[in-house]
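Coordinates in review
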Amino acid sequence: FCYIRDLETNEFWSNTYQPTRREPGKYEAMFTQGRAEFRREDNDIETHTEVVVSPEDDMELRRVHIKNRSRRNRIIEVTSYSEVVLNSAAADVIHPAFSNLFVQTEIVDDQHAIICTRRPRSAGEQLPWMCHIMKAHGAIHDGVYYETDRMKFLGRRNSVAAPFALTNEKPLSCSQGSVLDPIVAIRYKVILSPGQTAVFDMITGVSDSREGCQIIIDKCQ
């Protein structure tokens, strides 16, 4: 998911209809053989999202263009969000809470990335690795924040439609390591002048080793 928040009004929405389900002023979804595209407009902020799968590497790229169509500067916060499983679908369905206990997260701050893997439960077990990267282009950003703990992001009795991280003014906690319920979330704050467009690349990749994930991260810089 991708959340967008106007920090002047604290209104927030998502780049697609899910997960916030906020009604946009305009909305369009297009599916072709090579990509999926979503366009929407909310409060004079235009969003265009392109989703593709790399033909070369095991990674998915979501490129989000955000344009300020108003006549004043806008302070916009963009937050990615994904829940980490790194297990078979059957194992996740049978006991997701137990399965999540073995996920380890690591923030790579200088490259704006998060790396995740599973701690082995037996000797010789081959485990997958994943990485999540977010890069901003075309606008000056005011710091990058991270979250890997789902409870801290959603808060008590909240859902992905209105998470605690989007309804308060606190920065993300930048927690990492062993968390009870793992996610990957990266946040940027940018200032957009009238007519200005910023581009955000959100990449999720998988590999069979940490070195493989690091190659993907280096490639996406």
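Below is a short write-up of the structure.

Procedures and definitions
Residues numbered from 1 in each chain as written. Predicted model: local features only at pLDDT ≥ 70, side-chain atom pairs only at ≥ 80, totals over all residues. Heavy atoms only, no water. Pairing = 2+ DSSP bridges. Helix = DSSP H or I, 4+ residues; strand = E, 2+ residues; numbered from the N terminus. Contact = heavy atoms within 4.5 Å. Axes fitted to C-alpha atoms, helices over the stretch in contact; angles between N-to-C directions. Core = buried A, V, L, I, M, F, W, Y, C linked by side-chain atoms within 4.5 Å. Buried < 20%, exposed > 50% of the residue type's maximum accessible area, 1.4 Å probe, protein only. Salt bridge = Lys/Arg side-chain N within 4 Å of Asp/Glu carboxyl O.

A sheet is described by the order of its strands in space; here nine strands give the open sequence β3-β4-β5-β6-β15-β11-β10-β9-β13, paired in antiparallel fashion. Here the strands that pair on one side only, and so sit at the sheet edges, are β3 (26–31) and β13 (177–178). As defined by bridge partners, strand β9 (residues 103–108) adjoins strand β10 (residues 113–118) across six bridges and the pair is classed as antiparallel. Looking at the pairing, Val-108 lines up with Ala-113 of β10. Contacts from helix α5 (residues 210–219) reach β6 (59–68), β9, β10, β11 (129–137) and β15 (197–207) within the one sheet, and its direction differs from that of β11 by about 15 degrees.

Let us look at the nonpolar core. Counting 28 residues, the largest nonpolar core has Ile-66, Cys-116 and Phe-200 as its most contacted members. If one sorts the elements of this core by residue count, strand β14 (residues 182–192) sits on top with five residues. When near neighbours in sequence (up to four residues on either side) are disregarded, Ile-66 contacts Ile-4, Ile-45, Glu-46, Thr-47, Val-78, Leu-192, Gln-196, Thr-197, Ala-198 and Phe-200. Within the second largest apolar cluster, eleven residues are counted, among which are Met-59, Ile-115, Ile-217 and Cys-220.

All right, on to the pattern of salt bridges then. Counting across every chain of the model gives 15 salt bridges. A salt bridge links Arg-5 to Glu-77; its shortest N-O distance comes to 2.7 Å. Of this pair, Arg-5 sits in strand β1 (residues 2–6) while Glu-77 sits in strand β7 (residues 74–80), and the two are 72 residues apart along the sequence. The exposure class assigned to Glu-77 is buried, which follows from its relative accessible area of 8%. Between Glu-56 and Lys-219 there is a salt bridge, and its shortest N-O distance comes to 3.2 Å. One end of the pair, Glu-56, is in the loop between β5 (45–53) and β6; the other, Lys-219, is in helix α5, with 163 residues separating them in the sequence. Taken together, the shared-partner salt bridges in this structure form one network comprising Arg-5, Glu-77 and Arg-187.

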